[in-house]
Amino acid sequence: MSKIFKNLKIPKNVNEKEAADFFLKIGLKDIVVKNKKKKRYTNKPILNQLNVLKPDLVDLYRIYQFIVLNKRTTVVEFGCGWSSVVIMKALNFLNTKYGKQIKKLRRNNPFELAIIDTEKKYLKIAEKKIKSFCKKRAKFSSTLSKSTMTTYNGKICSEHQKLPLVNPDFIYLDGPGQEFSTGNKFGINVSQQDFMPMSCDILKIENFLTPGTIILTDGRTANARFLKNNFQRNWKYIHDYKNDQNILFLEEDKLGRPNYDQLKFYGYI
């Protein structure tokens, strides 16, 4: 059995000021808002024309670092927002640094972000922000898809009706919000506040994912445990309680030469 999990690179913990300084350094000053009177960062609404709030800088810092430190090539994001901009920034950085090297790997969507969301208005906001803040950008695509109630292995959950045609090595799970899943299964809908988001989409593509794939969730611990308990392959699981994140890592022997080259590119072997 491979031991590539030991080489997974986890970002260091930072505070909000450190995260803000980082984003200022890489040219994302627009997402950093400071209350000068109180000398601290606030949740003051910004970019009202886009109807969005100031982002969680620490969460965004960790997403960026997970992608860059582990040299991810293809990202699928469930849900969208400021994270979409940060993911694109990370992919742009990697594309600039490793664009020529990646051509030697068998990756159909190198340094590409595929977003999936249930709401057209949020996809439009994300696309507008990406075009505004990522002038030189890697490829990105968006998929609009309903989320409906269903079952997986007899367990009630939700699923998107359509998924993007990419095979990611990094999945960021931050959607759909439980209020956006329609219909019911045996009378159950997760929009009731005592329930919680419970998507099964990643389970349906598990057999295609390559060793070394990373799944990162924004909260959604119950959903992460549901995935872990239903996966059929060998996944390592970390619950990062401090940062309210869950990390799943596909720990398996290489599939063949293309996957070996991929793992070598990551720095895992």
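Criteria and thresholds
Residues numbered from 1 in each chain as written. Predicted model: local features only at pLDDT ≥ 70, side-chain atom pairs only at ≥ 80, totals over all residues. Heavy atoms only, no water. Pairing = 2+ DSSP bridges. Helix = DSSP H or I, 4+ residues; strand = E, 2+ residues; numbered from the N terminus. Axes fitted to C-alpha atoms, helices over the stretch in contact; angles between N-to-C directions. Parallel < 35°, antiparallel > 145°, perpendicular 65-115°, else oblique. Left-handed = near helix turned anticlockwise from the far one by under 90°. Contact = heavy atoms within 4.5 Å. Nonpolar A, V, L, I, M, F, W, Y, C, P; charged D, E, K, R; others polar. Buried < 20%, exposed > 50% of the residue type's maximum accessible area, 1.4 Å probe, protein only. Polar contact = N/O pair within 3.5 Å; in protein donor to acceptor, adjacent residues only side chain to side chain. Core = buried A, V, L, I, M, F, W, Y, C linked by side-chain atoms within 4.5 Å. Salt bridge = Lys/Arg side-chain N within 4 Å of Asp/Glu carboxyl O. Lys, Arg positive; Asp, Glu negative; His and termini not counted. Phe/Tyr/Trp six-rings, centres within 6.5 Å; stacked < 30°, edge-to-face > 60°.

Asker: So, the sheet that holds strand S5 (residues 139-144): which residues are in play, and what are the values?
Answerer: The strand order across the open sheet formed by 7 strands is S5-S4-S3-S8-S10-S12-S11, and the pairing between neighbours is mixed. With partners counted over all chains shown, the strands left at the sheet margins are S5 and strand S11 (235-240), one partner each. Strand-to-strand, the axes of this sheet are offset by a mean angle of 15 degrees, without reference to chain direction. Where strand S10 (residues 214-218) meets strand S12 (residues 245-250), 5 bridges bridge the pair, whose relative direction is antiparallel. Bridging from a neighbouring strand, Asp218 pairs with Gln245 of S12.

Asker: Quick rundown of the packing of helix H3 (residues 82-102) against helix H4 (residues 120-133)? Include the residues and the values.
Answerer: Where H3 meets H4, the closest approach of the two axes is 9 Å, and the angle between their N-to-C directions is 40 degrees. Between H3 and H4, the crossing angle belongs to the class labelled oblique. Of the two possible hands of crossing, H3 and H4 adopt the one that is right-handed. Residues Trp82, Ser84, Val85, Met88 and Lys89 of H3 lie in contact with H4, whose contacting residues are Ala126, Lys129, Ile130 and Phe133. Here the residues of the contact of H3 with H4 are counted per class, giving 6 nonpolar, 1 polar and 2 charged.

Asker: With reference to specific residues and values, describe the environment of Val86.
Answerer: With respect to the secondary-structure elements, Val86 resides in helix H3. With a relative accessible area of 1%, Val86 lands in the buried category. Along the chain, Val86 and Leu60 lie 26 residues apart, while their C-alpha atoms are 6.6 Å from each other.

Asker: Can you explain the side chain of Gln178? Please cite residues and give values.
Answerer: Tracing the backbone shows Gln178 in the loop between strand S8 (170-173) and strand S9 (181-182). Only 2.6 Å separates the side chain of Gln178 from the backbone oxygen of Val190, close enough to count as a polar contact. With residues up to four places along the chain from it excluded, the contact list for Gln178 reads Asn189, Val190, Ser191, Gln192, Gln193, Phe195, Met196 and Pro197.

Asker: For the nonpolar core, give the residues involved together with the corresponding values.
Answerer: Core analysis: the largest hydrophobic core is formed by 51 residues, its most contacted members being Phe23, Ile31 and Ile67. It is H3 that provides the largest number of residues to this core, a total of 10 residues. Among the nonpolar cores identified, the runner-up in size contains 21 residues, and Ile116, Cys157, Val166 and Ile202 belong to it.

Asker: Now, about the pattern of salt bridges: what can you tell me, with residues and values included?
Answerer: Under the criterion given, the structure shown has 6 salt bridges. Here Glu159 ties to Lys204 by a salt bridge, and the two come within 2.8 Å at their closest N and O atoms. Taken as a pair, Glu159 in strand S7 (residues 155-160) and Lys204 in helix H5 (residues 201-204) lie far apart in primary sequence, 45 residues in all. The class for Glu159 is buried, based on a relative accessible area of 19%. Linked by salt bridges that have partners in common, Glu159, Asp201 and Lys204 make up one network.

Asker: A description of unusual backbone geometry should follow, citing residues and the corresponding values.
Answerer: Here the residue pair Gly175 and Pro176 is connected by a cis peptide bond, since its omega of 5 degrees sits within 30 degrees of zero. Here Pro176 lies in the loop between S8 and S9. Residues other than glycine seldom take positive phi values, yet Phe111 does so here, at roughly 50 degrees. Summarising the element assignment, Phe111 is placed in the loop between H3 and strand S4 (112-117). The buried category is assigned to Phe111, whose relative accessible area is 1%.

Asker: Mind laying out the side chain of Asp117, listing which residues take part and the relevant values?
Answerer: Looking at the secondary structure, you find Asp117 in strand S4. Although Asp117 lies buried, it forms no salt bridge, and the closest oppositely charged side chain, Lys121, sits 9.5 Å away as judged by the N-O distance. Those residues within four positions of Asp117 in sequence are excluded, and the remaining contacts are Gly79, Cys80, Tyr122, Leu123, Thr143, Leu144 and Ser145.

Asker: With reference to specific residues and values, describe the packing of aromatic side chains.
Answerer: Scanning the model with the defined rule gives 10 aromatic pairs in all. Ring geometry for Phe22 and Tyr61: centres 5.2 Å apart, planes at 90 degrees, overall edge-to-face. Taken together, the residues span a long stretch of sequence, with Phe22 in helix H1 (residues 16-25) and Tyr61 in helix H2 (residues 57-69) at a distance of 39 residues. For Tyr61, a relative accessible area of 8% puts it in the buried group. With centroids separated by 5.4 Å and ring planes inclined at 85 degrees, the aromatic side chains of Tyr98 and Phe265 adopt a geometry described as edge-to-face. Within this pair, whereas Tyr98 is found in helix H3, its partner Phe265 is found in helix H7 (residues 257-266), the two being separated by 167 residues in sequence. Judged by relative accessible area, Phe265 falls into the buried class, the value being 4%.

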